[in-house]
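Examination of the molecular architecture
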Amino acid sequence: MIPFVDLRAQYQAIRGEINDAIQGVLDSCQFTLGSEVAAFEREFAEYCGADIGVAVNTGTSALHLALLAAGIGRGDEVITVPFTFVATVSAVHYTGATPVFVDIDPHTLLMDVQQVEARITSRTRAIVPVHLYGQPVDMAPLLQLAHRHGLVVIEDACQAHGAEYMGRRAGSFGAMGCFSFYPGKNLGAYGEGGMVVTSDPALAHTLRMLRDWGAEKKYQHEIKGYNYRMDGIQGAVLRVKLRHLERWTETRRALAARYDAQLDAAGVARPRVRPDCRHVFHIYALRTGDRQRWQDGLQAQGIQTGIHYPTPVHLLPAFRDLGWHAGDLPHAEAAAREVLSLPLYADLGEAEVDQVAQAVAALAEQPAALAA
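Throughout what follows, the structure given in this document is the object of discussion. The shown structure was predicted, so the numbers you read here are calculated from the model rather than taken from an experiment.

Let's shift gears to the overall build of the chain. Looking only at helices and strands, the chain features 13 helices and 14 strands. Relative to its length of 372 residues, the chain is compact, with a C-alpha radius of gyration of 21 Å against a globular reference of 21 Å. C-alpha atoms of the chain, sized along the principal axes, occupy 70 × 55 × 35 Å. Among the 372 residues that make up the chain, the fraction classed as buried is 55%. With an accessible surface of roughly 15,600 Å², the chain has 50% of that area assigned to carbon and sulfur atoms. When the 33 positive and 41 negative side-chain charges of the chain are each reduced to one mean point, those points stand 3 Å apart.

Summed over all chains, the structure comprises 22 salt bridges. Residue Arg211 pairs with Glu41 through a salt bridge whose shortest N-O separation is 2.8 Å. Of this pair, Arg211 sits in helix H8 (residues 201-211) while Glu41 sits in helix H3 (residues 35-48); the two residues are 170 residues apart in sequence, bridging distant segments of the chain. Each member of the pair Arg211 and Glu41 is classed as buried. For Glu246, the salt bridge goes to Arg169, with nearest N and O atoms at 3.6 Å. Of this pair, Glu246 sits in helix H9 (residues 232-265) while Arg169 sits in strand E7 (residues 168-169); the two residues are 77 residues apart in sequence, bridging distant segments of the chain. Exposure remark for Glu246: the relative accessible area of 30% places this residue in the partly exposed category. The network of salt bridges with shared partners includes Glu164, Arg169, Glu246, Glu250, Arg253 and Arg278.

Rules behind the numbers
- Throughout this description, residue numbers start from 1 for each chain and increase along the sequence as written.
- Given that this is a predicted model, residues contribute local features only at a pLDDT of at least 70 and side-chain atom pairs are listed and counted only at 80 or more, while totals for whole chains, interfaces and linings are drawn from all residues.
- To get the side-chain values, take all heavy atoms of the structure and skip hydrogens and water.
- What counts as a helix is a DSSP run of H or I of at least four residues, what counts as a strand is a run of E of at least two, and both are numbered from the N terminus.
- A radius of gyration in this sense is built from C-alpha atoms; the matching globule rule multiplies 2.2 Å by the number of residues raised to 0.38.
- Here the term buried applies to any residue with accessible area under 20% of the maximum for its type, exposed to any over 50%, and partly exposed to those in between, with areas from a 1.4 Å probe on protein chains only.
- Surface accessibility follows the Shrake-Rupley procedure with a 1.4 Å probe radius. Residue values consider only the protein chains on display as shielding.
- In this charge count, Lys and Arg are treated as positive and Asp and Glu as negative; neither His nor the chain ends contribute.
- A charged residue contributes its charge at one atom only: NZ of Lys, CZ of Arg, CG of Asp or CD of Glu.
- Criterion for a salt bridge: a side-chain nitrogen of Lys or Arg within 4 Å of a carboxyl oxygen of Asp or Glu.

Any functional reading would require information beyond the geometric quantities listed.
Right, here's the structure in full:
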């Protein structure tokens, strides 16, 4: 069996460091926020090229609070993409604002920046680009557009820890950048976790109050807030893992290049990697019009795969009330029908990559009609 992700192997490689870090929190009894979380906030913000980090309990909470800190609320519109995890759009919904979708670029599967201006109305207040799979959106023209229209840019970097655009880290371009530390992420907690990074002290101050019941100090609640604090154990675990992240990322990139070489030879389509980006390959996806057969064929050989994502958000029943229909965003809809994610993680062996690539190549060479 080649699992889609193997967190057990990762833990075994750093077991001593992790156990010591957790024991330190147990000894200190700083279970909510505390010194480990504060240290992780500093270290991860620096890693991202931002001045300040505000740790929270999930990536969804990071997006929610970033939007609130930017003043987004009922009656506002926020432009984003439908080809993303539902949390991106749910966070907009939580504020009372209306998500407005633009289609994706069919080659990269990222926000098609050229379509954004046509969606701007008098109610538009923010843009949320999603750095899908670990590759940043084309930020330069998007930031210029946002500046011209007076809009806030909040990066959904929940899959893009350490990704770069023109030599600069994801999360450092907009007013705020939002990250998830869900266990399967490139930098994952042992539970849930998230962070907003920013270089604006006023936004950071608001974010810190919002995550802790709107209080500046205990029992002094200045604004309506939430219980979105990060646990001390997660901060300690993430500090350990952050020290390994660059090595893990370079291993992911090398394994992705190994996949590329073999799948190129087999004519297997994948999302395009922009030459001005450092892709960190949270997800290694390919595209096929025969996805179910390929997924079944790989599973029969003991190879686990994933689909990120099978339904674009505008077609989910939960967001039917937004009024979008099949055919409105054709590139997102096509991607949702065709993408298939292969195993990729730092503890995956080269021989396993070769095994997966050869299995995919064999499926690609077999015509669907013959397979049936």
